[in-house]
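Residue strings, one per chain:
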Amino acid sequence: MGLKPGTNPDVEAATIQLNIDGKTVTAKDGISLYDVISMTGKIIPAMCYHYTFDPFGSCGMCLVMQEGKKAPVRSCTAKATAGMVIRTEGEDLFLARKKAVEKHLSVHPLDCPVCDADGHCELQDMAFEHGVTNLANAKQKFIPEDTRSPVLDFNMNRCIACAECINVCKDVLMIDALQFMKKGGFNQVVPKGDLALSCEFCGDCLAVCPVGAITNKFSKYLYKPWQMKKTTTTCNYCGDGCQMYLETKDEEVLRVTSPLSWKNKWGDRSETAKGHGGLCVRGRFGFEYLDGKTRLRQPLVREGNRLVEKPWLEAMQLVVDRFANIKSKYGADAIAGLVTARCTNEELYLFQKLMRIGFGSNHLDSSARYGHLNFVHASKHALGLGRTPNDWEDLTKAKAILLIGSNITETNPLTAVRIKEALRVYKAQVVTLDSAVTNMAKLASHPFVIKPGTEGLVIHGLVKATIELDLVDHEAIKKHPQAFAALQTAVAGLSLDDVASQTGLTTDSLRDIATIFAEAPRAIILCAEGIVRRAGGYDNVLKLIDLAWITGKLGRPGCGVNTVTEEPNEQGAVDMGVAPEFLPGQARFDDPVARERFAKAWGAALPVSRAGSSLVEILNGCKNGSIKALYVLGENPLETFPASMEVRAALDRLELLVVQDPFLTQTARQAHVVFPACTYAEKDGTFTNLEGRVLRVRQAMDPIGESLPDWHIMTSLANAMGCQWEYQSVNDIQSEMMKLLPGYYNLGQPR
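Only a predicted model underlies this, so the values are computations on that prediction, with no experimental measurement involved. (Residues numbered from 1 in each chain as written. Predicted model: local features only at pLDDT ≥ 70, side-chain atom pairs only at ≥ 80, totals over all residues. Heavy atoms only, no water.)

J.: Residue-level account of the pairing of strand 13 (residues 300–303), with values.
T.: With 2 bridges connecting them, strand 13 and strand 26 (residues 673–676) associate as antiparallel partners. Bridged to Val 301 within strand 26 is Val 673. Two strands pair when backbone bridges link them, and strand 13 and strand 14 (residues 306–309) are joined in this way by 4 bridges, in the antiparallel orientation. Paired with Arg 302 across the bridge in strand 14 is Leu 307. Linkage of strand 13 to strand 14, two consecutive antiparallel strands, is achieved through a turn of 2 residues, within which Gly 304 is found at a positive phi near 70°. (Pairing = 2+ DSSP bridges. Helix = DSSP H or I, 4+ residues; strand = E, 2+ residues; numbered from the N terminus.)

Here it is as structure tokens:
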């Protein structure tokens, strides 16, 4: 990224002055002249420019006059230098830009009425702005449409060769799946080697295309942009928390678009450290399920071996009666609940309140138990912090990143883009440690393949190497001399040769990794499923914290030990107290002060402090008969857990299984009653992403059939069981949460 010295914290570019349209402007030496002009608030046309990648200079629209030059210069590729005198407007420049528009239109089909970009086309806008009404020498390309990609169609007749798609793929995403190729007398964008497109299919090329050359297979010919309602919301796939636009028409989701677009091409290049505004393949193209035919539209009640549609009142009354009967017969501890971390914070808060106050049971858990809670417990124990300490900007600007046990481009693609920018722009040293050759390993400066299951031993070896090479931060360890002495004792009998032979690394590799991490001024550890979801996950996170501590990377700006979450609201599930050991706000369930505060706020006693079962314990309770009724909200344990867990046998022993889900999952097929729930597109609320930022979820469409938001169903269930909940909307729930968790909704907001 040759034009970005001003964004690199290790390169202090000189400050210069230049004159733009008669005004003196201060800028960094060597950055794009177009960037300098746009920073003044002046926007000049540029169809091949986007602030997220380096200027390309192909469209001929960003022309300016520079004193001392006879012909207009392309401002995007010109570098700002001291003393420049620049003019951005004038009849000569208008005519030069008009000529460039006419050149593009001369080989562009005038098929606007059938083009998906009609009304959202930069070439269309430029033609109107420059008064282009007649083309004297127009000719057609007659290039066949390339429809080989599973999600994108390429119509090169419309292509203006701006290269935005190529540049975002190569520079920002570091995938490099597209190229120019001369065919039929024209430069065309084709997949590498002119083969079928093979990439991550994120669709960022589609987002930045300023014309209709790249189109979305799933929504082709279905809309005009002005016909759709556009709703800003948060993606429901992983914990990255990407912002997205759900675009709907009537009762149908037609497409998903991203903040990244040719329309948002002007911005501060340094801001890309916080995210470039794109989406992944799941976020952009995985939307058809929202209004799919397999959605549940009415409650289902088991009659014999069949699930039969019933009215809401009948199904709800049956559930209330059955729960009441089981509670009366066996006690509240015979009831348990499981919930997905794909629910909103407000729904997760209500779920734990319903279980504890409505049912009187502390047998509850969420999908955060699969791994994220290992990280939370270890971090709280060692640091007093139950979340990750760093954000995307810290990750992007790190000088060393230790990525262990993660296939991050698959699980958290946009967090992966932050690591890619760290490599590309900030010249970070990225170390990957995994049992497979991942996509990130192919890009990393120091990729290492280790034997499966040896992650913990590798960490232990890195601690040993750090101490052996005296890479410790003496200021950090002198504050806790006994702890350091205990750590020295713990690794004293460890041989790096033994570690190397058991893990597949070499002793030199262990020493090199330790040196890279210890000597970097800003160093981040990022662990994921290969650590937190494996046996010993809690201990291995503690070992990583030890490594960060002895190298002085705890509490230092831009440093820390972090994890990623695979579901959108795993952090929110923990924060809302959806775990037997926590109350909302991560207060300990057995803390008498916290118990008294919540009991007073909720107007009811909590279950006894020693009670409570986690996810696996709940399933074991179902299997041994101690748990008689299970309320499953959005989870699907039959497909999540391996056969060795004998989940089907456990569920078969239940007297009541109630499943609440948008779909008839394998677990729902076993249920006695199934409640049809809404997806995230049909409700309001918030998610807490892996950075700990609280993000809005907004309703984009009406509920499908008779499905209802989860909070609505739980409120109805609680009131039918005798609670007096007066929630009429999500805002009412948020008001209660703000009283109990003041400041929570401000998390992640600009300070």
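J.: Pulling in residues and values, what's your account of the side chain of Lys 353?
T.: By the element assignment, Lys 353 lies in helix 8 (residues 345–358). With a relative accessible area of 4%, Lys 353 lands in the buried category. At a separation of 2.6 Å, a polar atom in the side chain of Lys 353 contacts the side chain of Tyr 727. Apart from the residues lying within four places of it in its own chain, the contact partners of Lys 353 are Gly 358, Trp 602, Trp 725, Tyr 727 and Glu 736. (Buried < 20%, exposed > 50% of the residue type's maximum accessible area, 1.4 Å probe, protein only. Polar contact = N/O pair within 3.5 Å; in protein donor to acceptor, adjacent residues only side chain to side chain. Contact = heavy atoms within 4.5 Å.)

J.: Which residues make up the sheet that holds strand 19 (residues 446–449), and what are the values?
T.: The strand order 19-18-17-20-21 describes an open sheet built from 5 strands, whose pairing is parallel. Each edge of the open sheet is held by one strand with a lone partner, namely strand 19 and strand 21 (560–563). Adjacent strand axes in the sheet meet at a mean angle of 15°, parallel and antiparallel pairs treated alike. As paired elements, strand 17 (residues 400–404) and strand 18 (residues 429–434) share 5 bridges and run parallel to each other. Bridge pairing in strand 18 places Ala 400 opposite Gln 429. Across the sheet, helix 12 (residues 413–424) touches strand 17, strand 18 and strand 20 (523–527), and the angle it forms with strand 17 is around 140°. (Axes fitted to C-alpha atoms, helices over the stretch in contact; angles between N-to-C directions.)

J.: Hey, could you go over the sheet that holds strand 2 (residues 23–28) for me, with residue numbers and the actual values?
T.: Sheets are built from strands paired through backbone hydrogen bonds, the pairs being either parallel or antiparallel. Ordered by their spatial adjacency, 5 strands build an open sheet running 2-1-5-3-4, and the pairing between neighbours is mixed. Bordering the open sheet on either side are strand 2 and strand 4 (73–74), each of which pairs with just one other strand. Relative to strand 2, strand 1 (residues 15–20) runs antiparallel, the two sharing 6 bridges. Paired with Asn 19 across the two strands is Thr 24, which belongs to strand 2.

J.: Please provide a residue-by-residue account of helix 16 (residues 481–492), values included.
T.: The end-to-end C-alpha distance of helix 16 is 16 Å, a good match for the 16 Å that 12 residues give at a rise of 1.5 Å each. For helix 16, every residue scored as buried is listed here: Phe 484, Leu 487 and Val 491. Seen from one end, helix 16 has its buried residues packed into an arc of 60°, which puts them on one side. For helix 16, the exposed residues lying more than 90 degrees away from the buried face are Pro 481, Gln 482, Thr 489 and Ala 492. Where helix 16 is buried, its residues meet helix 14 (455–468), helix 15 (474–477) and helix 20 (537–550). (Expected span 1.5 Å × (residues − 1). Arc of directions from axis to C-beta.)

J.: Lay out the pairing of strand 21 with the relevant residues and their values.
T.: Every other side chain in a regular strand lies on the same face of the sheet, so the side chains alternate between the two faces. Burial along strand 21 is two-sided: the face carrying Gly 560 and Asn 562 and the face carrying Val 561 and Thr 563 are both buried. Looking at chain direction, strand 20 and strand 21 are connected through 4 bridges and run parallel. Residue Ile 524 lies in a different strand from strand 21, and its bridge partner there is Gly 560.

J.: How would you explain the pattern of salt bridges if you had to name every residue and give the values?
T.: Pairs can form between side chains of opposite charge once their charged atoms are near each other. Here the structure, examined in full by the defined rule, presents 39 salt bridges. Between Asp 365 and Arg 369 there is a salt bridge, with its nearest N and O atoms 2.6 Å apart. Lys 397 is the salt-bridge partner of Glu 393, the closest N and O atoms lying 2.9 Å from each other. Connected through salt bridges with shared partners, the residues Glu 145, Asp 153, Lys 217 and Lys 220 form a single ionic network. (Salt bridge = Lys/Arg side-chain N within 4 Å of Asp/Glu carboxyl O.)

J.: Talk me through the environment of Asp 194; I want residue IDs and the actual numbers.
T.: As for its placement among the helices and strands, Asp 194 is situated in the loop between strand 8 (186–191) and helix 5 (204–208). Judged by its relative accessible area of 23%, Asp 194 falls in the partly exposed class. Remark: the alpha-carbon pair of Asp 194 and Met 181, spanning 13 residues in sequence, is separated by 8.0 Å. If near-sequence neighbours (up to four positions away) are discounted, Asp 194 is found in contact with Arg 148, Met 181 and Lys 183.

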